[in-house]
Amino acid sequence: MTSNRAGYRPDIQGLRAVAVGLVVLFHVGVPIAGYIGVDVFFAISGFVITALILRELDSAGTFRIRRFWARRFVRLMPALALLVVVTSVVSWLVLLPQQRELTAATGIGSMLFVANVVIARTTGNYFDPPAESNPLLNTWSLSVEEQFYIGFPLLLVLALWLLRTRVSLRVTLAATIAAISLGSFAVMLLADLGVLTQTWLNFYDPIQRAWEFGAGALLALVPSKIISGRRLFGAMAAVTAVVLLAAALVTLRSPAAYPSVATLLPVGSTVLFIVAGMSGTNFATRLLATRPMIAVGDMSYSIYLWHWPAISIAILLGVESTALLGLVAALSLIPAWASYRFVESPLRRRMSNAGRVSWRVPATTLGAPLLAGSALLVLPGAATGLEGDTELGYLDFITANSTECERLSISVPGTRCRQSQLGRDPQVIVVGDSHGEHLFPGLIDELASVPSAYVYL
């Protein structure tokens, strides 16, 4: 399969397929560290975006930052807007009030490029049990990527303005990207070692993630003639990439903290896969560039968008087995294909042909999901029949009005405990998983005067 798109790399499309496949497998419950697929996406984005900027600088002698932002907006936001609207409607139809609130808050945050901040505030860490109750949890990475697309070009333009008359273009870009990446990696490393206190964003922190984009960006600055044609080197890079990726999938299944120095495994693997493709044909590029891999890679953004809301809502409705969740993920390919076919592809072609964006695109893209999210916050639910005047909602329970139990001695590692009234011995204790945790706010509302606790095992 070929394409006339400038800079198109079929092996990179195949690598996108690997990334999204790993994330989906992780979300359906396969015991691998498939969440590292997001790190693969970040490194790919750094490489592709920097290569795009270089091509424009080489061909036009300048970089039009507004056009860059417009293209990124059209590439990402309309499909995301459709997802937010559909997920909001489904949440209104089938989910509990606290779950609808979570969906609405995250959906609004995703359209304002701050879903990672909203999720950290309302849902907690990516690996905490409440994460599975957020149908739009996966939008955290899109906000991090959008924050990168906003900040990265600004820094490059500033560096070019300050230094271009004194040093070469590539040296200027390399020095700027290297400085940003080293600073980001240093912050992540110091936080991982405990020298710096982890920020409340933790897993979702764009500062600790910037170096992942930077690794791919620096590779894009390496002249292709240095690597091209070195097939033995490319084959060795491909083998090493496979080993690093396999090591990450096995060793990072239960990370104590992430991102960490171990993030070098998936990022390093991605860089080496791209290097292998730059050097020539080898076993990795042949596999990644097969038609099925390219097809999945082309749809990877839509697959990433739609699979998690479907899985999360299924979990909230009681589906637990990996096999059934895998079926749900497979069914999510239907709306993913429709989004790719009727939203992503037409808008991409229109942007390529017209070169600019009509005001109607951002107005519709932002307006519809923001309206849907706001409506979800104020309208009563359609199907649950569980509306009520609860003084303590799930979001407040998770983030503000409860804390770790002070009056219980819990010795089981990894257990979380929350209590309704601080400073009093609990008289009612609920022991269960995240499904029981959803019911706990209703219990403490009904037993307002009774000190209660919830223990997650």
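Read on for a plain summary of the structure. Once a new chain begins, its residue numbering starts again from 1 and follows that chain's sequence as written. Where totals are concerned, whole chains, interfaces and linings use all residues; where local detail is concerned, this predicted model gives features only for residues with pLDDT of at least 70, and gives and counts side-chain atom pairs only at 80 or more. With hydrogens and water stripped out, all remaining heavy atoms of the structure feed into the side-chain values.

**Remarks on the overall build of the chain**
Helix and strand counts for the chain come out as 19 helices and four strands. Only protein chains enter the calculation, and the probe is 1.4 Å; a residue is then buried if its accessible area is under 20% of its type maximum, exposed if over 50%, and partly exposed in between. Considering the chain as a whole, with its 457 residues, one finds that 49% of them fall into the buried category. We call two residues in contact when some of their heavy atoms are within 4.5 Å. For the chain, the proportion of contacts with a sequence separation of at least 24, taken over those separated by at least 6, is 77%. Carbon and sulfur atoms provide 65% of the accessible area of the chain, an area that totals close to 20,400 Å². The numbering of helices and of strands both runs from the N terminus, where a helix is a DSSP run of H or I of at least 4 residues and a strand a run of E of at least 2. Shrake-Rupley sampling with a 1.4 Å probe provides the accessible areas, and residues are treated as covered by the protein chains on show and by no other component.

**Some words on the packing of helix H3 (residues 65-94) against helix H4 (residues 97-111)**
Closest axis-to-axis distance for the H3/H4 pair is 10 Å, and the angle between their directions is 165°. Taken as axis vectors, H3 and H4 run roughly antiparallel relative to one another. Here H3 and H4 pass one another in a crossing that is left-handed. Across the interface between the two elements, Met-77, Leu-80, Ala-81, Val-84, Thr-87, Ser-88, Ser-91 and Trp-92 of H3 pack against Arg-100, Thr-103, Gly-107, Ser-110 and Met-111 of H4. Where helices are involved, their axes are fitted lines through C-alpha atoms of the stretch in contact, as for all axes, and angles between N-to-C directions lie from 0 to 180°. Convention used here: angles under 35 degrees read as roughly parallel, angles over 145 as roughly antiparallel, angles from 65 to 115 as roughly perpendicular, and any remaining angle as oblique. By convention the crossing between two helices is left-handed if the near helix lies anticlockwise of the far one by an angle smaller than a right angle, and right-handed if it lies clockwise.

**So, the pattern of salt bridges**
Side-chain pairing between opposite charges can occur once the charged atoms of the two side chains come close. In the sections that follow, a salt bridge refers to a side-chain nitrogen of Lys or Arg positioned within 4 Å of a carboxyl oxygen of Asp or Glu. Taken as a whole and assessed by the stated rule, the structure comprises five salt bridges. Asp-11 is paired through a salt bridge with Arg-9; the nearest N and O atoms lie 2.8 Å apart. For the pair Asp-11 and Arg-9, one class covers both residues: buried. In this structure, the salt-bridge partner of Glu-56 is Arg-64, at a minimum N-O distance of 3.4 Å. The class for Arg-64 is partly exposed, based on a relative accessible area of 45%. Look at the salt bridges and you will find they share partners, linking Asp-39, Arg-209 and Glu-212 into a network.

**With respect to the environment of Leu-245**
Within the secondary structure layout, Leu-245 lies in helix H10 (residues 231-251). Accessibility expressed as a relative area gives 12% for Leu-245, which makes it buried. Taking the C-alpha atoms as reference points, Leu-245 and Thr-270, 25 residues apart in sequence, are found 8.2 Å from one another. With residues up to four places along the chain from it excluded, the contact list for Leu-245 reads Val-18, Leu-22, Ile-36, Ser-269 and Phe-273.

**With respect to the packing of aromatic side chains**
Pairing of aromatic side chains requires ring centres within 6.5 Å, counting the rings of Phe and Tyr and the six-membered ring of Trp. Pairs whose planes differ by under 30 degrees are stacked, by over 60 edge-to-face, and all others tilted. For the structure on display, the rule yields 23 aromatic pairs. Centroid distance Phe-148 to Tyr-149: 5.6 Å. Interplanar angle 55°. Geometry classified as tilted. On the basis of relative accessible area, Phe-148 is assigned to the buried category, the value being 11%. Only Lys NZ and Arg CZ are tested; either one counts as a charge over a ring when it is within 6 Å of the ring centre and within 35 degrees of the ring normal. One Lys or Arg, Arg-72, reaches over the ring of Tyr-149 and ends 5.6 Å from the middle of that ring. Between Arg-209 and the ring centre of Phe-203, over which it is positioned, the NZ or CZ distance is 4.6 Å.

**Section: the side chain of Arg-72**
Looking at the element boundaries, Arg-72 is found in helix H3. Although Arg-72 is buried, it makes no salt bridge; Glu-145 carries the closest opposite charge, 6.0 Å away. Among all residues touching Arg-72, those that are not within four sequence positions of it are Ile-49, Met-77 and Tyr-149. By the counting rule applied here, Lys and Arg register as positive and Asp and Glu as negative, while His and the ends of each chain are not counted.

**Concerning H10**
Its 21 residues give H10 an end-to-end C-alpha distance of 30 Å, which sits within 8% of 30 Å, the value for a rise of 1.5 Å per residue. Listed in full, the buried residues belonging to H10 are Gly-234, Ala-237, Ala-238, Ala-241, Leu-245, Ala-248 and Leu-249. The arc that holds the buried residues of H10, viewed along the axis, is 105°, so those residues lie on one side. Relative to its buried face, H10 has exposed residues pointing more than 90 degrees away, namely Leu-232, Met-236, Val-243, Val-250 and Thr-251. Here the buried face of H10 lies against helix H1 (10-28), helix H11 (264-279) and helix H12 (283-288). One less than the residue count of a helix, multiplied by 1.5 Å, gives the span that helix is expected to have. Each C-beta atom gives one direction from the helix axis, and the arc is the one those directions make.

**Here's the deal with the environment of Pro-362**
Mapped onto the secondary structure, Pro-362 falls in helix H17 (residues 360-378). Sequence spacing of Pro-362 and Met-77 is 285 residues, and the spatial spacing of their C-alpha atoms is 8.3 Å.

**Description of a nonpolar patch on the surface**
Patches here: salt-bridge-free residues with over 30% relative accessible area, like charges joined within 9 Å, nonpolar side chains (Val, Leu, Ile, Met, Phe, Trp, Tyr) joined within 5 Å. A cluster of nonpolar side chains, contributed by Val-89, Leu-93, Val-94 and Leu-317, occupies part of the molecular surface with about 310 Å² of accessible area. On the secondary structure map, Leu-93 appears in helix H3. Take Leu-93: its relative accessible area is 34%, and that puts it in the partly exposed class.

**Overview of the nonpolar core**
Side-chain atoms within 4.5 Å link the members of a nonpolar core, which is a set of buried Ala, Val, Leu, Ile, Met, Phe, Trp, Tyr and Cys residues. Counting 97 residues, the largest nonpolar core has Ile-36, Leu-80 and Trp-140 as the members making the most contacts within it. Excluding residues within four positions of it along the chain, Trp-140 makes contact with Val-38, Phe-42, Ala-115, Asn-116, Ile-119, Tyr-126, Phe-203, Tyr-204, Arg-209 and Tyr-304.

**Considerations on helix H8 (residues 206-220)**
Between its first and last C-alpha atoms H8 spans 21 Å; for 15 residues at 1.5 Å apiece the expected length is 21 Å, and the two agree. Looking only at H8, the buried set comprises Gln-208, Arg-209, Trp-211, Glu-212, Phe-213, Gly-214, Gly-216, Ala-217, Leu-219 and Ala-220.

**Looking at the side chain of Thr-176**
Along the polypeptide, Thr-176 turns up in helix H7 (residues 169-192). Classification of Thr-176 by relative accessible area gives buried; the value is 13%. Apart from the residues within four sequence positions on either side, Thr-176 is in contact with Leu-155, Leu-156 and Ala-159.

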